[in-house]
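Here are the chains, one letter per residue:
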Amino acid sequence: MLYAVMTQDVDNSLPLRKTCRTQHLARLEELKSEGRLVMAGPFPAIDSNNPGEAGFTGSLIVAEFDSLEAAQTWADADPYVEAGVTDSAVVKPFRKVLP
């Protein structure tokens, strides 16, 4: 089943994000190589594709997991969580309708 992982960053998270972005992306690449990643990306802090020093306010990941518990466990082990980038994460079942 698909699950949406929606995270909220701490204030001024950009410096922390930069310290572990490579590890964060490696986990997403692993999901992608397994054919389980539907989409992933950050929420810019301002109305811009390139927010610069304004940074980001969180992220959205939609991926396939065996269960809600497995999705939550995966989300809790993210390098952004461990580095203190993530203030909170909500994991919900997701049903893709379009496209």
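As shown above, the structure is provided for reference.
Here goes a summary of the coordinates provided. Computed from a predicted model, the values in this text were never measured in an experiment.

So, how was this worked out
- Residues numbered from 1 in each chain as written.
- Predicted model: local features only at pLDDT ≥ 70, side-chain atom pairs only at ≥ 80, totals over all residues.
- Heavy atoms only, no water.
- Pairing = 2+ DSSP bridges.
- Helix = DSSP H or I, 4+ residues; strand = E, 2+ residues; numbered from the N terminus.
- Axes fitted to C-alpha atoms, helices over the stretch in contact; angles between N-to-C directions.
- Contact = heavy atoms within 4.5 Å.

Focus: the sheet that holds strand β3 (residues 56–64)
By way of backbone hydrogen bonds, the strands of a sheet pair with one another, either parallel or antiparallel.
Logical step 1: Taken in spatial order, the four strands line up as β2-β3-β1-β4 in an open sheet, and their pairing is antiparallel. On the outer flanks of this sheet lie β2 (37–44) and β4 (86–94), each paired with one strand and no other. Averaged over all neighbouring strand pairs, the angle between strand axes comes to 10°, with direction disregarded.
Logical step 2: Relative to β3, strand β1 (residues 2–9) is paired through seven bridges, and the arrangement is antiparallel. Considered in β3, the bridge of A4 is made with V62.
Logical step 3: The sheet contacts of helix α1 (residues 14–33) involve β1, β2 and β3, and relative to β3 the element is tilted by about 10°.
Logical step 4: Of the strands in this sheet, β1, β3 and β4 touch helix α2 (residues 68–76), which is tilted by about 155° from β4.

Shape descriptors only; they carry no functional weight alone.
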